[in-house]
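Per-entry structural report
For reference, the chains in residue letters:
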Amino acid sequence: MDSIEKLVEPSRVHRRVYTDPDIFDLEMDRIFGRIWVFVGHESQVPEPGDWIRGRMGTRQVIVTRDADGKLNVLDNRCAHRGMQVCLKESGHSRTLVCPYHGWAFRHDGALAGDSAPRGYAKSADLTDPAFALKSAPRVESYRGFIFASMAEDGPGLPDFLCDIAAALDNVADRSPEGEVEFAGGVVRQEFAGNWKMHMENACDLVHPGFVHASAVDASRDHIAAAPPGSATQQAIQMFTGNGISLEEWDALGVYGFENGHCYMDGFYRDGMLDPGMADPSFVRYREIMVDRYGEERTREILGRDTFNNLIYPNISINTRFQQFRVIQPIAVDRTHIHSYSLRLKGAPEEMFKISVRFVSTANSPSSPISSDDFAIFESVQSALANGDREWVDFSRRLGDEAPMGNSGVRDNGTSELPMRTQLNAWRNLMCAS
């Protein structure tokens, strides 16, 4: 316990936090195995009998809606011989049938029947809960976003989310009907690095001008030729946005909270990316929002200008472009990224297309932004695994943070406050009894 605590200091972290397989295994138990972890969205399981596959760290789970309409999160592991019960990503069925020996389970996890009951010992009681799929003891939904915890007790979901719940509220409120749905599939990527690197990078406002310099330069060469309002113009404006000066990045704010959540201010200021929504693409959408919410409330909803909102340990939300990223740890040096577009119910279809273009431009195999970031993560992972330098520095603007109201702290945009926020939460969770 003491050795874990000593790996994180106020201004630095030991490289073992990113490279030690035993520490990774402990993370799966003490972080992903205890706190609230996002597992899916209600729009993915709208009807009784619907199910999707999900993950809680390395634990594979099935998110179901049972006959009573209740949401359940079940281990995707048959109680008989350990086979994955669900092999597809999603489906609808009367029962969940294991493809190995035909054991069937209800959507609440209870055993519904087996293929050859007379072959089992007479003493075997197949109604025994030991033969059911293991169920997460706590499952809650917030604005349609489903979270689960494998801990029997602890803070409720609203208390865990605390101030970062505003990001989920804002993305849902941007729908004229107050609801979003996952739509258009998922973009899956992988990098050979530790999962924490992606989370730490998401609110690192020093790196864009260096890591993404080639994309910025290329976009500036072509910006004049981009047709107004086109997908090309949106992509170019996204790339050039990364090219603002360090002084401009520093003029933004970054924010951190006790549970490891953090977020950053938005930085786009041009064309169809401008938060003022001056582009014609947004005119009809804004009219619909005003009809639904009124002018003052619409201005409040659309005026929340943030970029990456991070729900610890592994969620990144961009409310402005309805993008939802899930960072999935696979091994100490292997991470999957799943990127989703959210459809705003009741909004014009163009709003969804803009979201899809955002994911394609920023978080897909064809994106120079993703490619740049992943190359950095993999290079850092390789360097940390070798050599004799033991510590990683996170001291930028340490001590300059300012408290915000009743909770959280704020600092200038180039501060490493978001990384320290996450690592403090990591230490607290890893050292908890």
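Everything here concerns the structure above.
The sections below set out a description of the structure shown in this document. What you see is a predicted model, and the numbers here were worked out from it, not measured in a lab. Along each chain, residues carry numbers from 1 onward, in the same order as the chain's sequence is written. Only residues with pLDDT of 70 or above have their local features reported here, since the model is predicted, and side-chain atom pairs are shown and tallied only from 80 upward, although totals for entire chains, interfaces and linings are computed over all residues. Hydrogens and water molecules were not included; the side-chain quantities draw on all heavy atoms of the structure.

1. Description of the packing of aromatic side chains
- Note on aromatic pairs: the rings of Phe, Tyr and Trp (six-membered ring only in Trp) are paired at centre separations within 6.5 Å, and the planes decide the class, stacked below 30 degrees, edge-to-face beyond 60, tilted for the rest. Enumeration over the complete set of coordinates arrives at 20 aromatic pairs.
- Ring geometry for phenylalanine 257 and tyrosine 263: centres 6.2 Å apart, planes at 20°, overall stacked. Residue phenylalanine 257 shares its accessibility class with tyrosine 263, and that shared class is buried.
- Among the aromatic side chains, those forming a connected cluster through ring pairs are Phe38, Phe145, Phe147, Phe182, Phe324 and Tyr340.
- Placement of a charge over a ring requires the Lys NZ or Arg CZ to be within 6 Å of the ring centre, with the centre-to-atom vector within 35 degrees of the ring normal. Over the ring of tryptophan 391 we find arginine 12, and its NZ or CZ is 3.9 Å from the ring centre.
- Against the face of phenylalanine 321 rests arginine 320, its NZ or CZ located 4.5 Å from the ring centre. When accessible area is computed with a 1.4 Å probe and restricted to protein chains, residues below 20% of their type maximum are described as buried, those above 50% as exposed, and intermediate ones as partly exposed.

2. Focus: helix H5 (residues 165-173)
- Secondary structure elements are taken from DSSP: a helix is a run of H or I of four residues or more, a strand is a run of E of two residues or more, and numbering for both begins at the N terminus. Burial of H5 is extensive: seven of the nine residues sit out of reach of the surface.
- Of all the positions in H5, only Ala165, Ala167, Leu168, Asn170, Val171, Ala172 and Asp173 are classed as buried.

3. Looking at the packing of helix H6 (residues 195-202) against helix H15 (residues 417-430)
- The geometry of H6 relative to H15 is characterised by a closest axis approach of 8 Å and an angle of 140° between their N-to-C directions. Comparing the axis directions of H6 and H15 gives the class oblique. Here Lys196, Met199 and Glu200 of H6 come into contact with H15, specifically with Met419, Gln422, Leu423 and Trp426.
- The nonpolar class holds Ala, Val, Leu, Ile, Met, Phe, Trp, Tyr, Cys and Pro. Asp, Glu, Lys and Arg form the charged class, and all remaining residues, Gly among them, are polar. Class assignment for the residues of the contact of H6 with H15 results in four nonpolar, one polar and two charged. Note on geometry: axes are C-alpha line fits, over the in-contact stretch for helices, and angles between N-to-C directions span 0 to 180 degrees. An angle counts as roughly parallel when it lies under 35 degrees, as roughly antiparallel when it exceeds 145, as roughly perpendicular when it falls between 65 and 115, and as oblique in every other case. Here a residue-residue contact requires only that any non-hydrogen atoms of the pair lie within 4.5 Å.

4. So, the pairing of strand E18 (residues 334-344)
- Among the eleven residues of E18, eight are classified as buried, and the element is accordingly described as predominantly covered.
- Paired strands, in this sense, are two strands between which DSSP finds at least two bridges. Across ten bridges, the pairing between strand E12 (residues 180-191) and E18 is antiparallel. Along E18, the bridge assignment pairs alanine 183 with serine 341.
- A loop of two residues connects strand E17 (residues 323-331) with E18, the two strands running antiparallel in sequence.

5. As for H6
- For H6, a buried count of eight out of eight residues is recorded, marking the element as mostly surrounded by other parts of the structure.
- Listed as buried for H6 are Trp195, Lys196, Met197, His198, Met199, Glu200, Asn201 and Ala202.

6. Concerning the nonpolar core
- Formed by 96 residues in total, the largest nonpolar core has its most connected members in Phe145, Leu161, Phe324 and Trp426.
- Of the residues forming this core, the biggest block, seven residues, is contributed by H15.
- Setting aside its immediate chain neighbours within four residues, leucine 161 contacts Tyr142, Phe147, Leu168, His261 and Ile311.
- With twelve residues, the next largest nonpolar core counts Leu74, Cys86, Cys98 and Trp103 among its residues. Here the nonpolar core consists of buried residues drawn from Ala, Val, Leu, Ile, Met, Phe, Trp, Tyr and Cys, with membership extended through side-chain atoms lying within 4.5 Å.

7. Describing the pattern of salt bridges
- Think of a salt bridge as a Lys or Arg side-chain nitrogen and an Asp or Glu carboxyl oxygen that are within 4 Å of each other. Taken as a whole, this structure holds 24 salt bridges when the rule is applied.
- For aspartate 173, the salt bridge goes to arginine 297, with nearest N and O atoms at 2.9 Å. In this pair, aspartate 173 sits in helix H5 while arginine 297 sits in helix H12 (residues 295-302), placing the two residues 124 residues apart along the sequence.
- Measuring nitrogen to oxygen at the nearest pair gives 3.6 Å for the salt bridge that ties arginine 343 to glutamate 181. In this pair, arginine 343 sits in strand E18 while glutamate 181 sits in strand E12, placing the two residues 162 residues apart along the sequence.
- Salt bridges sharing partners connect three or more residues here, namely Arg143, Asp169, Asp173, Arg297 and Glu300.

8. A closer look at the sheet that holds strand E2 (residues 37-41)
- Within the open sheet, the three strands sit side by side as E2-E11-E10. Their pairing is antiparallel. Each end of this open sheet is capped by a strand with a single partner; those strands are E2 and strand E10 (138-142). When strand polarity is set aside, the average angle formed by the axes of neighbouring strands in this sheet is 30°.
- The sheet contact formed by E10 and strand E11 (residues 145-149) spans five bridges and is antiparallel. In the sheet register, serine 141 faces E11, and the bridge partner there is isoleucine 146.

9. Looking at unusual backbone geometry
- Note the cis peptide between tyrosine 312 and proline 313, where omega equals 10°.
- When you line up the elements, proline 313 lands in the loop between strand E15 (306-311) and strand E16 (315-318).
- Of note in the backbone geometry, arginine 143 takes a positive phi value of approximately 55° without being a glycine.
- For arginine 143, the position within the fold is in the loop between E10 and E11.

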